[in-house]
Amino acid sequence: MDTDNTEEALSEPLLSEPSAGQPSGEVSPAYSEFGDTHPERRESICSVFGKIPTIAYILASMVIFIIVLFLAAGLMLPSTEIPQEYNYTNNTPPLLMHQKLLNDTEPSGPKAIHISLTESPTAIHIQFSTTNIGKPVVEIAAKDNPSESTKYEGESTTYQASDMCVKNQSADSTKNFVPPGQLHTIKVADLKVNTDYVYRAGISTGQGIRWGDYINFRTSKPAGFIPTKSGNNSSIKPAITFLALADQGVANGTKHGDGAGQNVTRLITSLANHTIDSIHIIGDLSYADGSTDIWDTYMDMIEPFASRIPTMVAVGNHEYDYTRGDGSKKDGSGIKTNETFHPSWGGSGFHDEGGECGVPFAKRFAAPNNGNSIFWYSFEQSLVHTIMLSSEHNMTRGSAQYKFLEADLSGINRTITPWVVVELHRPMYNSEKYATQDAIGIAMRYEIEELLHLHHVDLVLSGHYHAYLRSCDGLYQEKCSNGGPQHVTIGTGGAPLDCNVQLFPNHYTTKFDENHFGVGRVSVYNASALHFEFVSLGEEVVDDFWILRQRS
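Described below are features of the structure shown in this document. (Residues numbered from 1 in each chain as written. Predicted model: local features only at pLDDT ≥ 70, side-chain atom pairs only at ≥ 80, totals over all residues. Heavy atoms only, no water.)

**Description of the overall build of the protein chain**
For the protein chain, the helix and strand inventory stands at 11 helices and 24 strands. Sequence-distant contacts in the protein chain: of pairs separated by 6 or more residues, those separated by 24 or more amount to 71%. (Helix = DSSP H or I, 4+ residues; strand = E, 2+ residues; numbered from the N terminus. Contact = heavy atoms within 4.5 Å.)

Next up, the structure:
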């Protein structure tokens, strides 16, 4: 990239060149991809104990044993001291004391708390689950004025094994079904934009409200937002920064989990301590594949960041694809189960993924009400208009999804949101040598690439392949610098990486990495400059590039 052009793009009014420095420091053990990060410490401990004489070792053991017996006896003695919170002398009414004891022993409070954007920057979706039935409620207040709080109530839902889209009762979604409990959604409105709030979620029953912990979050920046300089500080923060990833999975022992998904969650949570405006997970989230209890594990895993940063999701094949529907019901996206998308050119690429057919996915996440529920929609933050698509649904010309994409692209005001990002699980361009999957990418290009070119889409983000890839800029009809977007595959969210894969020769791939888990960090500074970083475990920037645009 031409350095002079980059500096020129960053020199627009109100903006100055961002810091070019990258995060420094060694890889944190919390993010290590190799488990034991300090074998030398383990060896030194072993060598020290190996030098203790045998008799001394026995005597030391006897002394330690006596001490342990003494301490254990002390712990078993009945305590005469009443904990302060349960002591009647602290003027706590008996009813509240009973509720305190109930809250401390009853495992039915809000879990899996996560927030997402709505159609308006002045509103937010807050979602969570509970084991018991009740009325979901959220209490929220501006962080600088916590005494002025407001309560909002919401709606609850759940799903059963019979809601899955397969007739065969031996399907994974039936035989491995675990009830999800109650799934709650509350839409909180009338908020101030770009403002810090504190909230807590609760479930109201006949015995009062069971509250969760207080959580901080910041409302979205409105469309067109540009930061301004303050004082003599010449540095400037991006107008917006978001993280993107795909193909995460959960812990060891699951079909597509080896523990790396948890490490990526720690990475995201750490990065979210800085200014992150939203997190985009572009399909293949939990890899439950019909074992619905894995969804509970996944939702708990992402709560540390998803409860504080608006988390937007796209559907992947592992959330949706199925082949055994008999037409007796509709799937999670509202399509009759014998009419799901199985094009002839897709071959085995749209195979059955346990019969979930998007039901758990649609019940657990919310989206702006401008498309088809959680399956395709769009939203705006600051200078960016983002469109979430489903690579698992029909997007051929004339289809409902194609019409949505066409209308949405046509309605963007590029003076307010000059940057347009499209996100879908399967990539339109890739380099890994899988004939069936490559055919799907080619077919998607045939259907929608002309639309993306016509409306000057800047960036396309995808996953599906468990690796990192970036194309040249301006990619259109397999030609670089041809007026199209730049394509990035970021399927490095935690599912096992595509190691030692074969690549087919092409001229549009500029970077391929199959060795690192990580996320994409996208920072937009103004209408002309976008900076993309591939951040691996340990917050190391493995790859980065700029997209520069001259807007008319």
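From this point, the discussion proceeds with the structure in view.
**Observations regarding the packing of helix H6 (residues 260–271) against helix H7 (residues 293–306)**
Running from amino to carboxyl end, H6 crosses H7 at an angle of 15°, the nearest separation of the two axes being 9 Å. Here H6 lies roughly parallel to H7, going by the angle between them. Judged by the twist between their axes, the crossing of H6 over H7 is left-handed. Side by side, H6 and H7 meet where Gly261, Gln262, Thr265, Ile268 and Thr269 of the first sit next to Met301, Ile302, Pro304 and Phe305 of the second. When the residues that make up the contact of H6 with H7 are grouped by side-chain class, the tally is 5 nonpolar, 4 polar and no charged. (Axes fitted to C-alpha atoms, helices over the stretch in contact; angles between N-to-C directions. Parallel < 35°, antiparallel > 145°, perpendicular 65-115°, else oblique. Left-handed = near helix turned anticlockwise from the far one by under 90°. Nonpolar A, V, L, I, M, F, W, Y, C, P; charged D, E, K, R; others polar.)

**Let's talk about the sheet that holds strand S6 (residues 182–188)**
Strand order in the open sheet made by the 4 strands is S1-S2-S6-S5, with antiparallel pairing throughout. The open sheet is flanked by strand S1 (111–117) and strand S5 (155–157), the only strands paired with a single partner. Between one strand axis and the next, the sheet turns through 20° on average, direction left out of account. As paired strands, S1 and strand S2 (residues 124–130) are joined by 5 bridges and run antiparallel to one another. For Ser116, the partnering residue across the bridge sits in S2 and is His125. (Pairing = 2+ DSSP bridges.)

**Let's talk about helix H11 (residues 435–454)**
With 20 residues, H11 extends 28 Å between its outermost C-alpha atoms, agreeing within 8% with the 28 Å of an ideal straight helix rising 1.5 Å per residue. At Ile448, H11 is bent by approximately 55°, the largest bend along its length. When H11 is considered as a whole, its buried residues turn out to be Gln437, Asp438, Ile440, Gly441, Ala443, Met444, Arg445, Glu447, Ile448, Glu449, Leu451 and Leu452. Those residues of H11 that are buried lie in contact with helix H10 (400–410), strand S15 (419–423), strand S16 (459–462) and strand S18 (474–476). Positioned one or two residues after H11, His456 has a phi angle of 55°, which is positive. (Expected span 1.5 Å × (residues − 1). Bend = angle between axes of the 7 residues up to and from the residue. Buried < 20%, exposed > 50% of the residue type's maximum accessible area, 1.4 Å probe, protein only.)

**Describing H10**
Residues of H10 that are buried include every one of Gln401, Tyr402, Phe404, Leu405, Asp408 and Leu409, and no others. In a view along the axis of H10, the buried residues occupy a sector of 160°, so they form one face of it. Relative to its buried face, H10 has exposed residues pointing more than 90 degrees away, namely Ala400, Lys403, Ala407 and Ser410. (Arc of directions from axis to C-beta.)

**Structural notes on the pattern of salt bridges**
Across all of its chains, the model carries 16 salt bridges by this definition. A salt bridge links Asp277 to Lys221; its shortest N-O distance comes to 3.3 Å. Placement of Asp277 in the loop between H6 and strand S11 (278–282) and of Lys221 in the loop between strand S9 (215–218) and strand S10 (240–245) is noted, with a sequence separation of 56 residues between them. Of the two residues, Asp277 and Lys221, both sit in the buried class. Put simply, Glu447 and Arg397 hold a salt bridge, and the shortest N to O gap is 3.3 Å. With Glu447 in helix H11 and Arg397 in the loop between strand S14 (384–388) and H10, this residue pair connects regions lying 50 residues apart in the sequence. Looking at Arg397, the relative accessible area reads 43%, which means it is partly exposed. Each of Arg414, Asp458, Asp473, Arg549 and Arg551 takes part in salt bridges that share partners, so that together they form one network. (Salt bridge = Lys/Arg side-chain N within 4 Å of Asp/Glu carboxyl O.)

**What to know about the environment of Asp213**
Here Asp213 is to be found in the loop between strand S8 (208–211) and S9. Residues contacting Asp213, with those up to four places away along its chain left out, are Tyr199 and Arg200.

**Side note on the sheet that holds strand S12 (residues 311–314)**
For sheets, the rule is that strands pair by backbone hydrogen bonds, running either parallel or antiparallel. Pairing in this open sheet of 6 strands is mixed, and the strands run S12-S11-S10-S22-S23-S24 from one edge to the other. Two strands bound the open sheet, and with one partner strand each, they are S12 and strand S24 (540–548). Sheet twist, expressed as the mean angle between neighbouring strand axes with direction ignored, is 20°. As paired elements, S11 and S12 share 4 bridges and run parallel to each other. Bridge pairing links Ile279 to Thr311 in S12. Against the sheet, H6 contacts S10, S11, strand S22 (518–524) and strand S23 (529–536), and its axis sits at roughly 25° relative to S22.

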